[in-house]
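Each chain, letter by letter, is given below.
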Amino acid sequence: QKEVEQDPGPLSVPEGAIVSLNCTYSNSAFQYFMWYRQYSRKGPELLMYTYSSGNKEDGRFTAQVDKSSKYISLFIRDSQPSDSATYLCAPQGGSEKLVFGKGTKLTVNP
Amino acid sequence: DTAVSQTPKYLVTQMGNDKSIKCEQNLGHDTMYWYKQDSKKFLKIMFSYNNKELIINETVPNRFSPKSPDKAHLNLHINSLELGDSAVYFCASSLQGWDQPQHFGDGTRLSIL
């Protein structure tokens, strides 16, 4: 089983839709959970950073972690064309290296 | 003001050549990284340095040699380039260690002819 599994998509939604992006992971040592956004021909940029289980909200973005089922989610409300990018989940634990999912490519159509 | 900058942005070269990629961060971070992103967009760690010392070397061929002259710089030298080395190489930095958010450069696109 791969350490991090992420549906690569692509995912295409109309503007204003609610988007749900998900990852599963296998390493129970992971404690920190990050979401990165990568625009075309750019480096990944940190979007959300959470520790342990629970929810974290930042504007239109909500990150959710369920450690019991090893499931990570990112929700985008009122999606905008500027949200069109690849979203990478990246769990990490203690001294373990950051492991990236393969990314989900999202397109928000005006 | 660019936080993590890489040069060059594009590198096109022939098989067998030696090339270097430079990375500099002005964030005052202690830890720097090199990642490889292949054609399938999979981002994988290659090296990690903390305050100029090598922390992680992820089963990368010996042809790849990182060098950190100071904690703000981490360069990557590649000997005897092969076709499979074609990828986008990203430099990143974090305040101190893996559990801190990482800031990425915009990548160096390496194409081997």
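For the structure given in this document, a descriptive report is provided here.

### Notes on the overall build of chain B
Secondary structure assignment for chain B yields zero helices and 11 strands. Shown N-terminal to C-terminal, the secondary structure of chain B runs as helices and strands in the order β-β-β-β-β-β-β-β-β-β-β. A compact globule built from 113 residues should have a C-alpha radius of gyration of about 13 Å, and chain B, at 13 Å, falls within 12% of that. Counting only C-alpha atoms and orienting by the principal axes, one finds that chain B spans roughly 35 × 30 × 25 Å. Across the 113 residues in chain B, those meeting the buried criterion constitute 44%. As displayed, chain B offers around 5700 Å² of accessible surface, 48% of which is attributable to carbon and sulfur atoms. Treating the 12 positive side-chain charges of chain B as one cloud and the 12 negative ones as another, the clouds have centres 6 Å apart.

### Concerning the state of the cysteines
Structurally, a disulfide amounts to a covalent bond that connects the sulfur atoms of two cysteines. Tallying each qualifying case throughout the model produces two disulfides over all chains. Each sulfur of the disulfide joining A:Cys23 and A:Cys89 lies 1.9 Å from the other. Its S-S torsion of about -100° marks the bond between A:Cys23 and A:Cys89 as left-handed, since a negative value means left-handed. Of this pair, A:Cys23 sits in strand S3 (residues 19-25) while A:Cys89 is found in strand S9 (residues 85-92), placing the two residues 66 residues apart along the sequence. Linked covalently through their sulfurs, B:Cys23 and B:Cys91 form a disulfide whose S-S length is 1.9 Å. With the S-S dihedral at roughly -80°, the linkage between B:Cys23 and B:Cys91 falls on the left-handed side. In this pair, B:Cys23 sits in strand S3 (residues 19-25) while B:Cys91 sits in strand S9 (residues 87-94), placing the two residues 68 residues apart along the sequence.

### Let's talk about the pairing of strand S8 (residues 71-76) of chain A
Across a regular strand the side chains alternate sides, sitting on one face of the sheet and then on the other. Residue and element names in this part refer to chain A. Pairing of S3 with S8 involves six bridges; the strand directions are antiparallel. Of the residues in S8, the one forming a bridge with Thr 24 is Tyr 71. Bridge analysis of strand S7 (residues 61-66) against S8 gives six bridges, and the strand direction is antiparallel. What sits directly across from Thr 62, in S8, is Phe 75. Counting the residues in the hairpin turn of S7 and S8 gives four residues, including Lys 70, whose phi is positive at 55°.

### A look at the sheet that holds S3(A)
All names here are of chain A. Taken in spatial order, the five strands line up as S1-S3-S8-S7-S6 in an open sheet, and their pairing is antiparallel. Unpaired on one side and paired on the other, strand S1 (4-6) and strand S6 (54-58) mark the two borders of the sheet. This sheet shows a mean twist of 15° between the axes of neighbouring strands, independent of strand direction.

### Topic: the pattern of salt bridges
By the definition in use, this model includes seven salt bridges over all chains. Between A:Arg37 and A:Glu45 there is a salt bridge, with the nearest N and O atoms lying 3.2 Å from each other. Given a relative accessible area of 33%, A:Glu45 falls into the partly exposed group. A salt bridge links A:Asp83 to A:Arg60, with the nearest nitrogen and oxygen atoms 2.8 Å apart. In this pair, A:Asp83 is assigned in the loop between S8 and S9 and A:Arg60 in the loop between S6 and S7, connecting sequence segments 23 residues apart. Judged by its relative accessible area of 2%, A:Asp83 falls in the buried class. What you see here is one network of salt bridges that share partners, running through B:Arg63, B:Glu82 and B:Asp85.

### Some thoughts on the sheet that holds strand S1 (residues 4-7) of chain B
Two pairing modes exist for strands in a sheet, parallel and antiparallel, and in both the strands are linked by backbone hydrogen bonds. Residue and element names in this part refer to chain B. Within the open sheet, the four strands sit side by side as S1-S3-S8-S7. Their pairing is antiparallel. Of all strands in the sheet, those with a lone pairing partner are S1 and strand S7 (64-70), marking the two edges. Each neighbouring strand pair of the sheet contributes to a mean axis angle of 20°, computed without reference to strand direction. As judged from the five bridges shared by S7 and strand S8 (residues 73-78), these two strands associate in the antiparallel manner. Across the sheet, residue Ser 65 finds its bridge partner in S8, namely His 77.

Rules behind the numbers
- One numbering rule holds for all chains: residues counted from 1, following each sequence as written.
- Going through the entries in the order they are written, you letter the chains from A and number the ligands from 1.
- This being a predicted model, a pLDDT of at least 70 is required before a residue's local features are given, and a value of 80 or more before pairs of side-chain atoms are given or counted; all residues contribute to the totals for chains, interfaces and linings.
- Think of the side-chain values as coming from all heavy atoms in the structure, minus any hydrogens and water.
- Numbering goes from the N terminus for both helices and strands, where a helix is a DSSP run of H or I of at least four residues and a strand is a run of E of at least two.
- With the radius of gyration taken over C-alpha atoms, the globule rule is written as 2.2 Å times the number of residues to the power 0.38.
- A 1.4 Å probe rolled over the protein chains alone gives each residue an accessible area, and that area as a share of the maximum for its type sets the label: buried under 20%, exposed over 50%, partly exposed in between.
- What sets the accessible areas is the Shrake-Rupley method with a 1.4 Å probe; for residues, cover comes only from the shown protein chains.
- For the purpose of charge, His is not counted, nor are the chain termini; Lys and Arg are scored as positive and Asp and Glu as negative.
- In this description, the location of a charge corresponds to atom NZ of lysine, CZ of arginine, CG of aspartate or CD of glutamate.
- Two cysteine sulfurs form what is called a disulfide whenever their separation falls within 2.5 Å.
- Between any two strands, pairing holds if DSSP finds at least two bridges.
- Inter-axis angles, ranging from 0 to 180 degrees, are taken between N-to-C directions of lines fitted to C-alpha atoms, where helices are fitted over the stretch in contact.
- What counts as a salt bridge is simple: a side-chain nitrogen of Lys or Arg found within 4 Å of a carboxyl oxygen of Asp or Glu.

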